[in-house]
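# Fold and geometry: a report
Here is what each chain is made of, one letter per residue.
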Amino acid sequence: MAANFNNSAWFYDRLSRLIYGRALINAQLYLLHFIEPGSRVLIVGGGTGWILEELTKIHPSGLHITYVEVAAAMMDLSKKRDTGSNEVVYIQSAIEQVNLTPDFDVVITPFLFDNFTEQTLHTVFTHIHTLLKPRGLWLNADFQLTGRWWQQFLLKSMFIFFRLVCGIEASRLPEIKMHFNTNNYAMVDEKTFFTYFIVASAYRKSP
């Protein structure tokens, strides 16, 4: 069952900035520059939709964006964003329940997978994988553990908080990179933020 972030829509961005400063934002901004003009872009779990405005600053027109977000309150905020002359289709649903034409040049999953158990991640990842064209780009930002004690503490605190407030199912970080490796994605580029705790990764799907 998908988590419900309606309860956190009004404070989600402010809370993330309070804890991480601009690290979560900068990780996603770093990935947006890999998107080429005229791309068909799938954004899954875009939250409050600020990423739409940042993408529009880079590409004021020419993009064909499908924006999938499960929380109604988040979607309401997203629809108020300035998207320039880009074409945007909004879909309020869990991505694994959405049937789309598999013709996307780019997929963006910003801090999506840490909400899931391994079993759910496998289902969601497989579904998104089928929607991306061969040699398409998958831009993913999420957390990672690199052995620092405070990372485990902060991650556990987040899981407890969002399980209580939003009902996320995860209690630990799933093996996100393993799914990209198993499906033969090639690493294009990667950059870390917040002392390696946050990682922005650009992957290319195999031909």
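The structure we're discussing is the one just above.
Residues numbered from 1 in each chain as written. Predicted model: local features only at pLDDT ≥ 70, side-chain atom pairs only at ≥ 80, totals over all residues. Heavy atoms only, no water.

### Details of the overall build of the chain
Definition in use: Helical segments are the DSSP runs of H or I of at least four residues, strand segments are the runs of E of at least two, and each set is numbered from the N terminus. The globule rule used for comparison is 2.2 Å times the number of residues to the exponent 0.38, while the radius of gyration itself is calculated over C-alpha atoms. Only protein chains enter the accessibility calculation, which uses a 1.4 Å probe. A residue is then buried if its area is under 20% of the maximum for its type, exposed if over 50%, and partly exposed in between. Throughout, a contact is declared for two residues whenever any of their heavy atoms are within 4.5 Å. Areas reported as accessible are Shrake-Rupley estimates using a 1.4 Å probe. Residue values count occlusion only from the protein chains shown.
Helix and strand counts for the chain stand at 7 helices and 7 strands. Reading the chain from its N terminus to its C terminus gives the helix and strand order α-α-β-α-β-α-β-β-α-β-α-α-β-β. Taken against the 2.2 N^0.38 rule, which gives 17 Å for 207 residues, the C-alpha radius of gyration of the chain at 16 Å falls within 12% of a compact globule. If one aligns the C-alpha atoms of the chain with their principal axes, the spans along those axes are about 45 × 35 × 30 Å. Here the chain holds 207 residues, and the buried ones make up 50% of them. Considering only intrachain contacts with a sequence separation of at least 6, the fraction spanning at least 24 residues in the chain is 71%. Put simply, the chain shows about 9,900 Å² of open surface, and 54% of that area lies on carbon and sulfur atoms.

### Some remarks on the nonpolar core
Going by this rule: Among buried residues, the Ala, Val, Leu, Ile, Met, Phe, Trp, Tyr and Cys ones that are joined through side-chain atoms within 4.5 Å form a nonpolar core.
In terms of nonpolar packing, the biggest core is built from 37 residues, with Tyr20, Ile35, Ile43, Ile108, Phe143 and Ile198 touching the most fellow members. Sorting the residues of this core by element identifies α2 (23-32), β1 (40-44), α3 (50-58), β2 (61-68), β4 (104-110), β5 (132-143), α6 (149-166) and β7 (198-204) as the ones contributing at least two each. Ignoring sequence-local partners within four residues, the contact set of Tyr20 consists of Phe143, Leu154, Met158, Phe194, Phe197 and Ile198. Of all hydrophobic cores here, the second largest spans 21 residues; its members include Val44, Val107, Leu112 and Trp138.

### Thoughts on the pairing of β2
Applied cut-off: We call two strands paired when DSSP finds no fewer than two bridges between them. Handedness rule for crossovers: strands pointing away from the viewer, path from the first strand over the helix to the second running clockwise, crossover right-handed.
The pairing of β1 with β2 spans 5 bridges and is parallel. Note that in β2 the partner of Val44 across the bridge is Val68. Tracing the backbone out of β1, into α3 and back to the parallel element β2 gives a crossover that is right-handed. One ladder, built from 6 bridges, connects β2 with strand β3 (residues 85-91); its direction is parallel. Of the residues in β3, the one forming a bridge with Thr66 is Val89. In this region the chain leaves β2, passes through helix α4 (residues 72-79) and returns to the parallel neighbour β3; the handedness of that crossover is right-handed.

### Some remarks on the pattern of salt bridges
Here is the rule we go by: Salt bridges, as used here, are contacts in which a Lys or Arg side-chain nitrogen is within 4 Å of a carboxyl oxygen on Asp or Glu.
Counted under the stated rule, the structure contains 5 salt bridges. Across the pair Arg81 and Glu53 runs a salt bridge whose closest N-O atoms are separated by 3.8 Å. Here Glu53 lies in helix α3 and Arg81 lies in the loop between α4 and β3, a separation of 28 residues in the sequence. According to the relative accessible area criterion, Arg81 is partly exposed, its value standing at 23%. The class of Glu53 is partly exposed, set by a relative accessible area of 27%.

### So, unusual backbone geometry
Most peptide bonds adopt trans geometry, and most residues besides glycine take a negative phi value. Even without being a glycine, Arg135 presents a positive backbone phi close to 70°. As for its placement among the helices and strands, Arg135 is situated in strand β5.

### So, the packing of α2 against α3
As a reminder, the rule being used: Note on method: axes are straight lines fitted to C-alpha atoms, helices fitted across the in-contact stretch only, with angles between N-to-C directions ranging 0 to 180 degrees. Put simply, angles under 35 degrees are roughly parallel, angles over 145 are roughly antiparallel, angles from 65 to 115 are roughly perpendicular, and the rest are oblique. The crossing is said to be left-handed when, going from far helix to near helix, the turn is anticlockwise and less than a right angle, and right-handed when the turn is clockwise.
Interaxial distance between α2 and α3 falls to 10 Å at its minimum, and their mutual angle equals 40°. Taken as axis vectors, α2 and α3 run oblique relative to one another. Crossing of α2 over α3 shows right-handed handedness. Where α2 abuts α3, its residues Ile25, Gln28, Leu29 and Leu32 lie against Trp50, Ile51, Glu54, Leu55 and Ile58.

### Some remarks on α2
Side chains of residues three or four places apart in an α-helix project in the same direction, reflecting 3.6 residues per turn. Taking burial as the measure, the 10 residues of α2 include 8 buried ones, the bulk of the element. Buried within α2 we find Ala23, Leu24, Ile25, Ala27, Gln28, Leu29, Leu31 and Leu32.

### Quick word on the environment of Leu52
Among the structural elements, Leu52 can be located in helix α3. Here Leu52 falls in the buried class, since its relative accessible area comes to 0%. The contacts of Leu52, once residues within four sequence positions are left out, are Ile43, Ile65, Tyr67, Ser78, Arg81, Asp82, Thr83 and Tyr90.

### Some points on the sheet that holds β2
Reading across the sheet, the 7 strands line up as β3-β2-β1-β4-β5-β7-β6 and stay open at both edges, with mixed pairing between neighbours. What marks the edges here is a single partner per strand, and that holds for β3 and β6 (186-193). Averaged over all pairs of adjacent strands, the angle between their axes in this sheet comes to 15°, without regard to strand direction. Pairing of β6 with β7, which is carried by 7 bridges, proceeds in the antiparallel orientation. The partner of Asp189 across the bridge, within β7, is Ala202.

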